[in-house]
Structure formats: C-alpha cells, structure tokens
Amino acid sequence: MVVVKISGKFVSPLDEPKIEGYSKVLNELIEKGLIKGIVVGGGTVARKYISLAPENKALRDFLGIEASRLNATLLALNIKKSCIPVPNSIEQVLSCINRGSIPVLGGLQPGQSTNAVALILAEITESKLVVNATTVDAVYDRPPHKPGARKLKEVSVDKLKEILSSEWHNEPGRYELMDDLALSIAKRSKIKIAIVNGKEPENVVRAITEGIYGTLLLP
C-alpha cells in the first residue's frame, strides 16, 4: 500500500496547479486499491500568508496548516472516495478510513511538516511506501544548483540527514526536501520514500507500478 505526498505547488492556484492530471491518476490508482491516503502541502499560498504573520513560529505554522488544508480540500473535491471536509486530526483520519474512504490531508499540528504527516499516515495505514511528488527530480549529494552535484539513485535516511544538515532551515513553510521528523518516522517504521518530479503526475504512477523514481530513500 502507498501514501502519496504532493507538493502544494501542484495544487495551489497561486502556482502551477495540475489538479486535473493528479485527480485522474490518483482516482485510477485508488480504483486499483494501490493508494491508502494522500497528503498535500501548502505551496506558495502558505508562504505568502506566513510572510505576513507575526514573528511567532506556532502562529506561522497554524497559517501554513490552514493553507495546506485549503489545498487538500481543493484536491479532495476531485477524488471520488475522499472525505469532505478533510480530516484535521488522527481521530478524523481513522474515522475516514473506517468508512472505507481515502483520507486527503493537509497539515495536522504546529511543528509538523506535511512530509511528516505523510509518514504518519503511512504508519496508520501500514503502508510501506510514500511517493513524494515534489519540485525536484531527485536527491543530490549537494544542492542541485551547485557545480558537480550528483544525483543519488538510492540513499539511506541517515545519509540524507547528513546531506541536508548543512542547508537546513527549520522554519514554518520552509521545510526542505525532507525534515528530520519525517525521516525519523520513516526509519522507525521502515517506510521507503520515493522522490519523483511532481510536475508530471504520471511520475507517481511510474513510481508505484514500475518502480521508476528519481531517488529512493531507504530506512
């Protein structure tokens, strides 16, 4: 079973929404019984709200969560078996699953990225793979824009923590490729994470059905 995490930049109307493409492939994968849940990030709309908020991380996180839930609702309206309104707690997630529906989530609580939410949802649904449709095509051994950056086909969670540590910014709305909490959850529950370029919704299908991805993070 699989949980799909989609960058808010592919849902938010302030970015380059690909809602039609994602709803098509996700509905097909759900019909085949391959997807147990979907998580959507906040995208640019979250960052814009956060930029205008007081200098308080909890309050900024709250705004980011609300923005991600708005994005999740927009996508959920196009997912046939989703729960509306979108769940905003673990209890509501479980209720959605018990009804035989597919939970589509944004954020859940301050201090927790939507990447971490995707890993928590994978734990709840006993999914062993999270497909992360993000704005990069893979994990590199250094920031991709730097000379000599090398794409990594597979990388361990611990190694990725090392790679990200020098570039890390633990700010609301500014979580990098994967935050420490998400990686820790992946490690404790032995969940693999496939990084794919989310600009093409079909890349999610390829990762799930063909094992084609940019990078596979190994717990």
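1. Things to note about the state of the cysteines
Inference 1: With the rule as written, the count across this model stands at one disulfide.
Inference 2: What pairs with C83 in a disulfide is C96, and their sulfur atoms sit 1.8 Å apart. The sign of the S-S torsion, about 95°, decides the handedness of the disulfide formed by C83 and C96: right-handed. Taken together, the residues C83 in the loop between α3 (57–76) and α4 (90–98) and C96 in helix α4 connect sequence positions 13 residues apart. Side by side, C83 and C96 carry an identical accessibility label, which is buried.

2. What about the confidence of the model for the chain?
Inference 1: In the predicted model, the chain carries a mean pLDDT of 91, and 95% of its residues have values of at least 70.
Inference 2: Counting interchain partners and residues more than four positions distant, the pLDDT-below-50 stretch residues 168–175 has 20 contacts.

3. Some words on the packing of aromatic side chains
Inference 1: Overall, the coordinates contain one aromatic pair when judged by the stated rule.
Inference 2: Lying across the ring of Y213, K153 places its NZ or CZ 4.8 Å from the centre.

4. Re the packing of helix α2 (residues 43–51) against α3
Inference 1: One can describe the packing of α2 onto α3 by two numbers: an axis separation of 8 Å at closest approach and a directional angle of 150°. As the angle between them shows, α2 and α3 are arranged roughly antiparallel. For the pair α2 and α3, the crossing hand works out as right-handed. Residue-level inspection shows G43, V45, A46, Y49 and I50 of α2 in contact with α3, the latter providing R60, L63, G64, A67 and N71.
Inference 2: The residue makeup of the contact of α2 with α3, split by class, is six nonpolar, three polar and one charged.

Rules and cut-offs
- Residues numbered from 1 in each chain as written.
- Predicted model: local features only at pLDDT ≥ 70, side-chain atom pairs only at ≥ 80, totals over all residues.
- Heavy atoms only, no water.
- Disulfide = S-S within 2.5 Å.
- Helix = DSSP H or I, 4+ residues; strand = E, 2+ residues; numbered from the N terminus.
- Buried < 20%, exposed > 50% of the residue type's maximum accessible area, 1.4 Å probe, protein only.
- pLDDT = per-residue confidence, 0-100.
- Contact = heavy atoms within 4.5 Å.
- Phe/Tyr/Trp six-rings, centres within 6.5 Å; stacked < 30°, edge-to-face > 60°.
- Lys NZ or Arg CZ within 6 Å of the ring centre and 35° of its normal.
- Axes fitted to C-alpha atoms, helices over the stretch in contact; angles between N-to-C directions.
- Parallel < 35°, antiparallel > 145°, perpendicular 65-115°, else oblique.
- Left-handed = near helix turned anticlockwise from the far one by under 90°.
- Nonpolar A, V, L, I, M, F, W, Y, C, P; charged D, E, K, R; others polar.

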